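Chains, contacts and geometry: an overview
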Amino acid sequence: TGGSNTAASSSEHFRASISARKTKFQWRHWENQDRYGKPKLMTIHKQFNGYRKERHSRIYSVLNAKAKVNNETVVIMLVNSAQMHLLLNFDCSCRASKQEWKNATFVFALDQGAFEMLNKLHVDSYLLQGVELKEAAQEFGDDVFKDIVFWKTAVTHDVLEMGNRVSIHGQKRDMSPT
């Protein structure tokens, strides 16, 4: 019976330590550095939010027009130069099967090169200010991967905040409630 008391007290200690910790799920409450001393995403969030009014004024009407042609849902994508070949392959595949994808899709570019290529393809897009994320992630969870996941989440939240339903390319085709 001594072993079960030790396990119970250990479990209670764990729960107490968890409940005593400050919630860090919302970025507004994060400190400036992570446990390795690197700047946390707080700076990126502030930068993203700093451009919100300008960004919304530039993309709001485009997103609403796209939603109208796709059951009130906007398809969003995020791309950088390192992954542009995937978007080009997708574009070729859609053209070969005569599927129109550009009418309902808006693409956020993570670097100038990707933005320029999107313009050449006549894809409605927006270059995220202050972001120059050209390289591909080398492995799951590395810093580049984390940055890309942040931007994917941020732009999705941004589009939702403007009142649009969102379908994220590469995931379930229609994330709308209907």
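Residues numbered from 1 in each chain as written. Predicted model: local features only at pLDDT ≥ 70, side-chain atom pairs only at ≥ 80, totals over all residues. Heavy atoms only, no water.

**Things to note about the packing of helix H3 (residues 52-68) against helix H6 (residues 143-161)**
Direction vectors running N to C along H3 and H6 enclose 65 degrees, while the axes themselves pass 11 Å from each other. Considering their axes alone, H3 and H6 lie roughly perpendicular with respect to each other. Read as a crossing pair, H3 and H6 show a hand that is right-handed. Contact with H3, carried on its side by Arg52, Arg55, His56 and Leu63, involves Asp158, Val159 and Glu161 of H6 and no other residues of that element. A breakdown of the residues in the contact of H3 with H6 according to their chemical character gives two nonpolar, one polar and four charged. (Axes fitted to C-alpha atoms, helices over the stretch in contact; angles between N-to-C directions. Helix = DSSP H or I, 4+ residues; strand = E, 2+ residues; numbered from the N terminus. Parallel < 35°, antiparallel > 145°, perpendicular 65-115°, else oblique. Left-handed = near helix turned anticlockwise from the far one by under 90°. Contact = heavy atoms within 4.5 Å. Nonpolar A, V, L, I, M, F, W, Y, C, P; charged D, E, K, R; others polar.)

**Some remarks on the pairing of strand E1 (residues 73-79)**
The buried count for E1 comes to six of seven residues, which makes it a mostly enclosed element. Sheet topology note: the E1/strand E2 (residues 105-109) ladder contains five bridges and is parallel. Paired with Met77 across the strands is Val107, a residue of E2. Each parallel crossover has a hand, and the one from E1 via helix H4 (residues 84-96) to E2 is right-handed. (Buried < 20%, exposed > 50% of the residue type's maximum accessible area, 1.4 Å probe, protein only. Pairing = 2+ DSSP bridges. Right-handed = clockwise from strand over helix to strand, strands pointing away.)

**Quick word on the pattern of salt bridges**
Across all of its chains, the model carries six salt bridges by this definition. Where Arg55 meets Asp158, a salt bridge forms, and the shortest distance between an N and an O atom there is 2.5 Å. Here Arg55, found in helix H3, pairs with Asp158, found in helix H6; they are 103 residues apart in sequence, far enough to count as distant. The same class applies to Arg55 and to Asp158, which are both buried. A salt bridge links Lys66 to Asp124; the nearest nitrogen and oxygen atoms lie 2.8 Å apart. (Salt bridge = Lys/Arg side-chain N within 4 Å of Asp/Glu carboxyl O.)

**Notes on the nonpolar core**
Core analysis: the largest hydrophobic core is formed by 22 residues, its most contacted members being Ile59, Leu63, Ile76, Phe106, Phe108, Leu128 and Trp151. Elements with a contribution of two residues or more to this core: H3, E1, E2, H6 and strand E4 (165-168). Take this core: its biggest share by element is six residues, from H6. Apart from residues lying up to four places away in sequence, Phe108 is in contact with Ile59, Ile76, Met77, Leu78, Val79, Tyr126, Leu128, Val155 and Val159. Val79, Ala109, Leu121 and Leu127 belong to the second largest nonpolar core, which has 15 residues in total. (Core = buried A, V, L, I, M, F, W, Y, C linked by side-chain atoms within 4.5 Å.)

**Some remarks on the pairing of E2**
Buried residues dominate E2, accounting for five of its five residues. By the alternation rule, side chains of E2 split into Thr105, Val107 and Ala109 and Phe106 and Phe108, which are all buried.

**Quick word on the packing of aromatic side chains**
Enumeration according to the criterion identifies five aromatic pairs in this entry. Relative to Tyr126, the ring of Phe108 lies with its centre 6.5 Å away and its plane at 75 degrees, an arrangement referred to as edge-to-face. Of this pair, Phe108 sits in strand E2 while Tyr126 sits in strand E3 (residues 125-127); the two residues are 18 residues apart in sequence, bridging distant segments of the chain. Accessibility expressed as a relative area gives 0% for Phe108, which makes it buried. An angle of 50 degrees between the planes, with centres 4.7 Å apart, marks the rings of Phe140 and Phe145 as tilted. Among the aromatic residues, ring-to-ring pairing joins Phe106, Phe108 and Tyr126 into one connected group. (Phe/Tyr/Trp six-rings, centres within 6.5 Å; stacked < 30°, edge-to-face > 60°.)

**Quick word on the confidence of the model for the protein chain**
With 70% of its residues at a pLDDT of 70 or more, the protein chain has an overall mean of 76. Per-element mean pLDDT across the protein chain ranges from 51 in helix H1 (residues 2-20) up to 95 in helix H5 (residues 112-120). For residues 18-30, every residue scores under 50 in pLDDT, and the model assigns this stretch 10 contacts once sequence neighbours within four places are set aside. A low-confidence stretch, residues 170-178 (pLDDT under 50), is modelled with 16 contacts involving residues beyond four sequence positions or located in other chains. (pLDDT = per-residue confidence, 0-100.)

**Side note on the packing of H4 against H5**
In the contact formed by H4 and H5, the axes pass within 11 Å of each other and the chain directions differ by 15 degrees. Judged by the angle between their axes, H4 and H5 are roughly parallel. Where H4 crosses over H5, the two elements pack in a sense that is right-handed. Across from Met84, Leu87 and Leu88 in H4, the residues of H5 making contact are Ala114, Met117 and Leu118. Within the contact of H4 with H5, the residues separate by chemical class into six nonpolar, no polar and no charged.

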